[in-house]
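Report on the structure
This is what each chain is made of:
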Amino acid sequence: MENVLVVAAHPDDELLGVGGTARRLADEKACVRALILAEGLTSRGEKREDTCAQELESLREDACAAAREIGYASIDFCGFPDNRMDGMELLDIVKTVGRFIEKYGPDTIFTHHHGDLNIDHQLTCEAVLTASRPVGGCCVQRIYAFETPSSTEWNYTYREPFVPNVFFDVTATLEAKIRGMARYRSESALYPHPRSPKALRALAALRGSSAGFQMAEGFMLLREMVPAAGEGIE
């Protein structure tokens, strides 16, 4: 992995799902970037406009501070409506994601699990899979789905369970994820909330014990293209 793009629905998802792995890959000299599709916060009031512009700006500032802890080379914001992406045309989301894939040329994408409770997460996953379909010389070789604490485990339909089959050792980088989450003043939480530092460490210990590591982040491999030596993806 040399060029990695994390496509997340909301500010803090880019840490919750893949923060330890992103820090590790950055430390290993990969170029790791984050793309945030929805604005965050605006679903918490009765109307989208109930959230003031200063609150949204503060959230973006927190995201940038968190990105520095993780080592993201860049972080982009699309400003889609929070928890209202199902009111958009899926094609518009796909085309937006596609423009960033074309801009950055990632060989690897990390994104949401399609079975999450949050509708924005589901649509983000659909858009990534569509925008990176393996035609026309697409650069994306592999796509991983991450789990998002306080969404993935809260979908009780169990129609699309999160069953990780790839594990990244984050023993050395988990604390960067914890520090990054602390930068989010409006998103941090106290135990037993799943986004609390104690809960995040517990999840990492669980995933680590599944793979023989002290601490790990687990992912589902959604797609991997393995061309022959010297061949590209047509």
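Look a little higher up for the structure.
These lines cover the structure that appears in this document, whether it is placed above or below.

Reading guide: rules and limits
Residues numbered from 1 in each chain as written. Predicted model: local features only at pLDDT ≥ 70, side-chain atom pairs only at ≥ 80, totals over all residues. Heavy atoms only, no water. Phe/Tyr/Trp six-rings, centres within 6.5 Å; stacked < 30°, edge-to-face > 60°. Helix = DSSP H or I, 4+ residues; strand = E, 2+ residues; numbered from the N terminus. Buried < 20%, exposed > 50% of the residue type's maximum accessible area, 1.4 Å probe, protein only. Lys NZ or Arg CZ within 6 Å of the ring centre and 35° of its normal. Polar contact = N/O pair within 3.5 Å; in protein donor to acceptor, adjacent residues only side chain to side chain. Contact = heavy atoms within 4.5 Å. Expected span 1.5 Å × (residues − 1).

1. Let's talk about the packing of aromatic side chains
All told, the structure shown has seven aromatic pairs when counted by the stated rule. Between Tyr-144 and Phe-219, the aromatic rings sit 6.2 Å apart at their centres with planes inclined by 55°, giving tilted as the arrangement. Within this pair, whereas Tyr-144 is found in strand 5 (residues 142-146), its partner Phe-219 is found in strand 7 (residues 216-224), the two being separated by 75 residues in sequence. We classify Tyr-144 as buried; its relative accessible area is 7%. The class for Phe-219 is buried, based on a relative accessible area of 0%. An aromatic cluster of three or more residues is present, and its members are Phe-110, Tyr-144, Phe-168 and Phe-219. The ring of Tyr-191 carries the charged tip of Lys-198 above its face, separated from the ring centre by 4.3 Å.

2. Quick look at the side chain of Glu-69
Within the secondary structure, Glu-69 is located in helix 3 (residues 53-70). When its relative accessible area of 18% is taken as the criterion, Glu-69 is described as buried. Within the structure, Glu-69 has its side chain in polar contact with the side chain of Arg-179 (distance 3.3 Å). When residues no more than four places from it in sequence are discounted, the contact partners of Glu-69 are Arg-23, Ala-176, Arg-179, Gly-180 and Arg-183.

3. Side note on helix 7 (residues 197-209)
With 13 residues, helix 7 should cover 18 Å at 1.5 Å per step; its first-to-last C-alpha distance of 18 Å lies within 8% of that length. Considering only its buried residues, helix 7 is in contact with helix 1 (13-16), strand 6 (166-169), helix 6 (174-182) and strand 7.

4. Focus: the environment of Leu-117
Tracing the backbone through its elements, the reader meets Leu-117 in the loop between strand 4 (108-112) and helix 5 (119-131). Between the C-alpha atom of Leu-117 and that of Thr-157, which follows or precedes it by 40 residues, the distance is 9.0 Å. Those residues in contact with Leu-117 that sit more than four places away from it in its chain are Gln-122, Ser-151, Trp-154 and Asn-155.

5. Some words on the side chain of His-10
Mapped onto the secondary structure, His-10 falls in the loop between strand 1 (3-8) and helix 1. Taking the relative accessible area as the measure of exposure, His-10 reaches 8% and is therefore buried. In this structure the side chain of His-10 is engaged in a polar contact, spanning 3.2 Å, whose partner is the side chain of Asp-82. Non-local contacts of His-10, meaning those with residues more than four positions away in its chain, are made with Ile-36, Ala-38, Asp-82, Asn-83, Asn-118, Asp-120 and His-121.

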